[in-house]
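# Results of the structural survey
So the chains spell out like this:
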Amino acid sequence: MTLFWILGVLLVASAVFVISQRKPVYSVVGLLFHFAVLAVFFLTLNAEFLAVIQIVIYSGATLILFVFVIALLSSGVAPFSVGPNRMPKAAIPAGLIAFVALALVVYGILRAPLVNAPRAATTSIPGAVGAPNVFGSVADFGKALFTTHLLPFEMTAFILMVAVIGVVALAGETTPFVPSLRRARIIEREMREALLRGGEE
Amino acid sequence: MSWLLVLIKSALLLFVVITTFAYAMLFERKIMGWMQLRPGPNRVGPWGLLQPAADAVKMLFKEDLTPSTADPLIYKLAPFISLVSAFGAYAIIPWSEPRPGDIWSIGNVNAGILFIFALTAIGVYGVSLGGWASGSKYPLLGSVRATAQMISYELAMTMSVIGVLIVAGTTSLAGIVHAQQRIWFVIPQLIGFAIYFVTAVAETNRAPFDLVEADAELVAGFHTEYSGLRFGLFFIAEYVNMLTVSCVATLLFFGGWNAPFGWTFIPGIVWFILKVLFFIFCYIWLRATMPRFRYDRLMAFGWKVLLPVATLNLIATAVVVAVKG
Amino acid sequence: MKNGVPRGRMRKHLYNVGALFRGLATVFGFMFMRKPTIGYPSVKKQHAPRFHGLHELRRYGDGKERCIGCELCAIACPANAITVIGAENTPSDRRSPGERYAARYEIDELRCIFCGMCEEACPTDAIVLTPRFEMSDYRRGSFIYAKDRLLVPPEAGVGTPPDERPGGIPADLGEVAEIKSTTDIDKGYSATYRGQILKTQRRGLAG
């Protein structure tokens, strides 16, 4: 139980750290820490496979791309620029929605068995984890994923696909300039002539 | 009191791994020297055996500089990320047959091999954040390369390992070794082993895949600006990672502590150490032989050769196992 | 076959993979070869007998200094490294066979380019470059070698001084050249030893 509270506080603190930093790289480091704590959280719940996958996928693949982009754009040093403030208009409805959502979450947490009762859910990693047919083992996880929960699993994959397409559609809003072959030849000739002229001068 | 036992085991293991690192470094310099017709370090102690100690003292007393353009916090954090993720893997590597009561590893994790992959994934941050935080152009290039290279080769590496997992039917490292009592997986999974070996060299940033450091063009890459003990930490992490991939190769493909030809009179741990030594020798041998890859060829090789071959190997293994079982 | 590389895409790939392993085998073989390295501080490489190293001021067989303080070496020196201040010999204090001797003779070895011009300019073969090369030190001042370090001890003198020689002053160049190669034999310099080292070197390289 103490472990739960320590981890919980760390988790929330690191999440706040992520969104409160002005430097993107600090946010990334905060997020990395957040994922690590989350993985430990899963471990305390015997969800060993989930913990490892959490690190492999989110830290190993997703977050590293953030670092990559930050490093490439070299925007890591400069703080986020302040955009136009759209808060005043949306302040009241946004606040309301956030409050209701938070209230629901708190209600849910309080109702959940996690806090109220069973110690079993928050026990530390017992020796039996290594054995098969234990809750959270890789084999059981895989079996559940591909039999009982096959439909949600495939649905998630589909939703992710939709998200990818959505991103492409949003980001690629303006069609890039792709000249036709004839137009390209004209451009090339013009450029060459311009170069030649430059050479004469 | 089990946590005390784990603590003692961890301390012992840390000592063993650091000593092994020190002598792996000497071993590398010796072997490289011999392969280049030199005697290698031989001045400190008999046959240069005290060289690691001399190096450590030198490293400790060097000035620890932080460039003025660096981001101080992340600059100081990066070597620790590298080191911790490098050492973490040893928590679950089983050195010998786990007997009831005493176990040769600190933790027997069910998702063993995945745990190692997770730590490797975190290890990338040490390199990429360290390069970025140095605030200078060569380290930045090195870190961008590191990120791209590690993501690319991690895919092929995982694919090549999944073949072994399918054959063994478990992700626990001890379980995988048990499954190899009859035949080492290097024989049925020869392609998988070849791909694992190549990608492991790339993952540990060693020659011929050491584009991250590339002395010739990037002046030591991501750790150009590091000096003294902070550089030492990166250095340790690199060698410890090499040890880790050697251990994993031994566990997954060369039967771990299983004795070949039924020579069980030699204890399992000796076999394990011999096999790991063999792999370390191979890495040094490669470094002494191969010239560095060109960057675009490295990427093309990873995505266009290793990944498709690894995927095909995986599919073939799955089909064979499905038909047989 | 072009340059030994077979034609055909697949065969070329196989050839390249084979080349990879051939390279590994070559490097593996190198590991067991004899190493041509000379373990320097413990084993010293013997330089050629006429190697241009640290200078030395010679004496005649009877212990008189060869240097007559003519300053020709200082004039010949392209680096202006030599300072000579001569003084007159007196019947009571006779240092050299001639009229004059070098009261001060200093060489700044940091300026010296070891060209050997002083050696050639010297009419009495007094200044000679030896094969000694280990003269590192921590202070710049200690590289100015004066007579106390340049002059050989009296018992190391060779040759007959010209004033005792019947019939004037014949050149004894050949004699000095011979002396030069053997003078340091006590410290391990010998012409034959050098030959041995070179032989092992060749064996090491050829395997």
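Cut-offs and rules
- As a convention, each chain's residues are numbered from 1 in the sequence order in which they are written.
- By the order in which they are written, chains take letters starting at A while ligands take numbers starting at 1.
- Restriction of local features to residues with pLDDT of at least 70 applies here, the model being predicted, together with a cutoff of 80 or more for giving and counting side-chain atom pairs; totals for whole chains, interfaces and linings are based on all residues.
- For two strands to be treated as a pair, DSSP must find at least two bridges joining them.
- Put simply, DSSP marks the helices as runs of H or I at least four residues long and the strands as runs of E at least two long, and each gets a number from the N terminus on.
- Axis geometry follows a simple rule: fit a line to the C-alpha atoms, using only the stretch in contact for helices, then measure angles between N-to-C directions, giving values from 0 to 180 degrees.
- Roughly parallel means an angle under 35 degrees; roughly antiparallel, over 145; roughly perpendicular, 65 to 115; everything else is oblique.
- Here a crossing is taken to be left-handed if its near helix is turned anticlockwise relative to the far helix by less than a right angle, and right-handed if that turn runs clockwise.
- Each residue gets a C-beta atom placed from its backbone, and two residues are in contact if those atoms lie within 7 Å.
- By the convention adopted, Pro, Cys, Tyr, Trp, Phe, Met, Ile, Leu, Val and Ala count as nonpolar, Lys, Arg, Asp and Glu as charged, and the other residues, Gly among them, as polar.
- Buried, partly exposed and exposed are defined by the number of other C-beta atoms within 10 Å of a residue's own C-beta, namely 20 or more, between the two limits, and 12 or fewer respectively, with C-beta atoms placed from the backbone.
- A score from 0 to 100, pLDDT tells how confident the predictor is in each residue.

Whenever strands of a sheet pair, they do so through backbone hydrogen bonds, lying parallel or antiparallel. All names here are of chain C. Reading across the sheet, the 3 strands line up as β2-β3-β5 and stay open at both edges, with antiparallel pairing between neighbours. The strands lining the two open edges of the sheet, one partner per strand, are β2 (82-88) and β5 (144-145). Inspection of the sheet shows strand β3 (residues 100-108) paired to β5 by 2 bridges, in the antiparallel sense. The partner of Ile-107 across the bridge, within β5, is Tyr-145.

Bridge analysis of β2(C) against β3(C) gives 7 bridges, and the strand direction is antiparallel. Following the sheet pairing, C:Thr83 is matched in β3(C) by C:Glu106.

A few words now on the packing of helix α1 (residues 2-20) of chain A against helix α2 (residues 24-44) of chain A. Residues and elements named next belong to chain A. Two elements in contact, α1 and α2, have axes separated by 8 Å at closest approach and are oriented at 160 degrees. It follows that α1 is roughly antiparallel to α2 by the angle criterion. Handedness of the α1/α2 crossing: left-handed. In this structure, α1 uses Leu-3, Phe-4, Leu-7, Leu-10, Leu-11, Ser-14, Ala-15, Phe-17 and Val-18 to contact α2, whose residues at the interface are Ser-27, Gly-30, Leu-31, Phe-33, His-34, Val-37, Leu-38, Val-40, Phe-41 and Thr-44. A per-class count over the contact of α1 with α2 returns 14 nonpolar, 5 polar and no charged.

Residue-level contacts link 21 residues of chain A with 27 residues of chain B. Going through the elements one at a time, α2 and α3 (48-73) of chain A are the ones with two or more residues in the side of chain A that touches chain B. Residue contributions to the side of chain A that touches chain B peak at 13 residues, all from α3(A). When its residues are assigned to classes, the side of chain A that touches chain B shows 15 nonpolar, 5 polar and 1 charged.

This part covers the environment of B:Glu154. All names here are of chain B. Within the secondary structure layout, Glu-154 lies in helix α5 (residues 137-168). The exposure class assigned to Glu-154 is buried, which follows from the 22 C-beta atoms found within 10 Å. Through-space distance from the C-alpha of Glu-154 to that of Thr-120 is 8.8 Å; in sequence the pair is 34 residues apart.

Residue and element names in this part refer to chain A. Averaged over chain A, the pLDDT score is 74; the fraction of residues at 70 or greater is 72%. Ranking the elements of chain A by mean pLDDT puts helix α5 (residues 113-116) last, at 51, and α1 first, at 86. Segment residues 115-133: pLDDT under 50, and 25 contacts once partners within four positions in sequence are set aside and those in other chains are kept.

Taken residue by residue, the interface counts 8 residues in chain B and 11 residues in chain C. Mapped by element, the contributors of at least two residues to the side of chain B that touches chain C are α1 (2-35) and α10 (268-289) of chain B.

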